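A look at the structure
Now for the letters of each chain:
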There are 2 protein chains.
Amino acid sequence: MVSTPGAEPRKITINDVARSAGVSRQTVSRALNDKGEIDSDTKQRVLDAARALGYRPSRFARGLVRQDTMTIGLVIPDLLNPFFTEVAAAALEAARSRGWHVVVYDTTDRAEEERGTLQVITSQVDAVIGYFSCSESELESYTRGMPVVLIGREGRSTRFSSIRIDGERGVHAAIAHLVARGHTRIGMLDHHTRAEPSIRHDWFTAAAKAHGVDTGRVVGADQSADGGGEALRTLLAAHPEVTAVFTFNDIIAIGALREARRLGRRVPRDLAVIGFDGLQLGALVEPPLSSVALDTRKLGALAIEQVARLLSGLDTLEADELVVHAELHLSGSA
Amino acid sequence: MVSTPGAEPRKITINDVARSAGVSRQTVSRALNDKGEIDSDTKQRVLDAARALGYRPSRFARGLVRQDTMTIGLVIPDLLNPFFTEVAAAALEAARSRGWHVVVYDTTDRAEEERGTLQVITSQVDAVIGYFSCSESELESYTRGMPVVLIGREGRSTRFSSIRIDGERGVHAAIAHLVARGHTRIGMLDHHTRAEPSIRHDWFTAAAKAHGVDTGRVVGADQSADGGGEALRTLLAAHPEVTAVFTFNDIIAIGALREARRLGRRVPRDLAVIGFDGLQLGALVEPPLSSVALDTRKLGALAIEQVARLLSGLDTLEADELVVHAELHLSGSA
DNA sequence: TTGAAAGCGTTACCAC
DNA sequence: GTGGTAACGCTTTCAA
């Protein structure tokens, strides 16, 4: 396919169509937008002309005059991470039901890309939903009063709405379950974070203490299956007496599952495993993963709902309504 | 949080800022766009006024006057299907490198949603990349000359660019590998399609024939892990002599893997399994999945590249360049 | 049924 | 350095 060089000179506008069809602009507009009040012959002539010229209305001009389309920016660190895939799918679904469009940005976990995205996003969307790693003040300096809903921001946000994930009860239930099954030496594979231990670790500690379980068997893991496997090895080397592990998330748990098998530990008989997130992926591994599960659809729906309120100036949801509670889903691994 | 009722009456425009700062519109524009030629005091005053009023420029007005932002619509049937997740991630990455924005639409595998999406998408994006189930003529009636790049459309498309997936060589290699390992009774779990068998089935048949392998052991499977498991059971019931299976895709293969374990067949010793797609997910199951792997990143990059050419009127890529070749990646399952 | 004119909110091109 | 004026491409309102 070779196109004539210089063949893309000027965008075809409604005026070109009008001229070509021998009518005025607004007649063209009427024909294209299926308004009534137009002779069907005229309409056909306009439609033909439009097609012949390859005319397509400018979305900007159209958007400028009828202020009805809503576009949300969704910023996530990694679409290939199944958790964010689920969040994105949920957000897309909730947005679709309102007829909203969603521009997705995958920052591939890099602060630099996140910044770049924030830079451009503000002039492309009406509101932002996202999982950001930068500081709130930096975020604010980019978004400038545009509605923003954060996801899984642990420290309660003051300036932005934020969907909080509450796993306290669910993790408690998980530990209770393990204890009921006779496990007393329970380890945790936490998120390998530079600074403080995760809040999920706090939940673990609280739940373990409540059940008289020692809380010292904790190892950091990279957020990947390999990371989970490696961490399990480290954990078992240091604490061979461990018979059950709770993990920061399902990906780590899946890696642990795989590693357990390699180490000759049968799951759940020799080693019980409970993850966090409740990914659909958990059902694909063997044995299927028990997990403290999040309702990602609700998460997405909440985020969109809050954006809607922010946008319309209605009463916004309070912090205690912007919560997704995680609950224990038992399956084969524990 | 309660906002003043009726607090969202009128959008704040550049004029409001200009008035409030006691300058003209274009001075505001200059201040906001970091143009030179402006007194720094004035600039500050304008910026303050803008912030105080909560002013944010209209993306439509801006887009109308500077024709520089490019937005692509990406239409996929199911974001939760790992294959499409990878395609989407790849497309997002390729788009980002060009500074393009991507609006993602998940039609949840429903023709009705696909139609709805096509309806609205045309007025929202500059080009479309997607995996569509509708007919080409229907597609054409919606997109009306807008650049469209199809993905994995099997029948070579005449009216649209289409990224073709070529698994012929890869499947041949897969069967060759199985035969070399001593497998002679090889089954296939095909896609459960209403009409004709899939083209992947054709590749299987050709490769099997080339190796003197019987091609009659084929069962249809739903595109899910459960579907794969079920199909494997059916296959083994009808053909218990089978020692290896090739599957339509990795999801089906993963289900088969799981089912094989349940049936007490050890993989790959008792049953070798080779999937198609080469999903990252395949590395998470046990044993890790062998697969005829697609380079999804290349797929995304190709699609975006073609869109770019279509859009700019440059020479477009020929059909034989719009191909992603699949190749055998061996791992634990075969 | 059709068309002329006004405006949507912004930036570009000139004068000043 | 700053402010008019004219686009950008479309829809809406109102006359004809």
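Residues numbered from 1 in each chain as written. Chains lettered and ligands numbered in written order. Predicted model: local features only at pLDDT ≥ 70, side-chain atom pairs only at ≥ 80, totals over all residues. Heavy atoms only, no water.

Under the annotation held in an unreviewed UniProt entry, chain A carries the name LacI family transcriptional regulator and is attributed to Streptomyces asoensis.

Once that is clear, we can look at the overall build of chain A. Helix and strand content of chain A: twelve helices and twelve strands. What you see for chain A is a C-alpha radius of gyration of 27 Å, clearly larger than the 20 Å of a compact globule of 334 residues, by over 25%. By principal-axis analysis of the C-alpha atoms, chain A measures approximately 85 × 50 × 35 Å. Taking all 334 residues of chain A together, 52% fall into the buried category. A separation threshold of at least 6 residues defines the contact pool for chain A, and within that pool the share at least 24 residues apart is 65%. Computing the positive centroid from 39 side-chain charges and the negative centroid from 43, chain A places the two 4 Å apart. (Helix = DSSP H or I, 4+ residues; strand = E, 2+ residues; numbered from the N terminus. Rg over C-alpha atoms; globule rule 2.2 N^0.38 Å. Buried < 20%, exposed > 50% of the residue type's maximum accessible area, 1.4 Å probe, protein only. Contact = heavy atoms within 4.5 Å. Lys, Arg positive; Asp, Glu negative; His and termini not counted. Charge placed at Lys NZ, Arg CZ, Asp CG, Glu CD.)

Right, let's talk about the interface of chain A and chain B for a bit. Counting from both sides, the interface comprises 63 residues of chain A and, opposite them, 62 residues of chain B. Taken together, both faces of the contact between chain A and chain B bury some 5,600 Å²; the carbon and sulfur share is 53%. Connecting chain A to chain B are four salt bridges. The closest approach of N and O atoms between B:Asp126 and A:Arg59, which form a salt bridge, is 2.6 Å. Connecting chain A to chain B are 18 residue pairs in polar contact (both at pLDDT 80 or more). When residues of the side of chain A that touches chain B are traced back to their parent elements, those giving at least two are α4 (59–65), α5 (82–97), β2 (101–106), α6 (111–121), α11 (250–262) and α12 (296–312) of chain A. Here the residues of the side of chain A that touches chain B are counted per class, giving 27 nonpolar, 19 polar and 17 charged. (Buried area = accessible area lost by both parts, 1.4 Å probe. Salt bridge = Lys/Arg side-chain N within 4 Å of Asp/Glu carboxyl O. Polar contact = N/O pair within 3.5 Å; in protein donor to acceptor, adjacent residues only side chain to side chain. Nonpolar A, V, L, I, M, F, W, Y, C, P; charged D, E, K, R; others polar.)

Counted under the stated rule, the structure contains ten aromatic pairs over all chains. Aromatic side chains B:Phe83 and B:Phe84 sit 5.2 Å apart centroid to centroid with 65° between the ring planes, which places their arrangement in the edge-to-face category. Where B:Trp203 meets B:Phe276, the ring centres are 6.1 Å apart and the plane angle is 25°; that geometry is what we call stacked. Of the two residues, B:Trp203 sits in helix α9 (residues 199–210) while B:Phe276 sits in strand β9 (residues 272–277), which places them 73 residues apart along the sequence. B:Phe276 matches B:Trp203 in its accessibility class, with the two residues each being buried. A cation over a ring is seen here: A:Arg200 above A:Phe248, with NZ or CZ 4.5 Å from the ring centre. (Phe/Tyr/Trp six-rings, centres within 6.5 Å; stacked < 30°, edge-to-face > 60°. Lys NZ or Arg CZ within 6 Å of the ring centre and 35° of its normal.)

Turning to the protein's contact with DNA strand D, a few remarks are in order. Taken together, 27 residues surround DNA strand D, and among them A:Ile14, A:Tyr55, B:Thr27, B:Asp39 and B:Thr42 come closest. Taken together, the sugar and phosphate atoms account for 64% of what DNA strand D places within 4 Å of the protein. Here a base nitrogen of DNA strand D and a backbone polar atom of A:Ala61 are 3.5 Å apart. Taken together, the elements giving at least two residues each to the surface near DNA strand D come down to α2 (25–32) and α4 of chain A together with α2 (25–32) and α4 (59–65) of chain B. (Near = heavy atom within 4 Å.)

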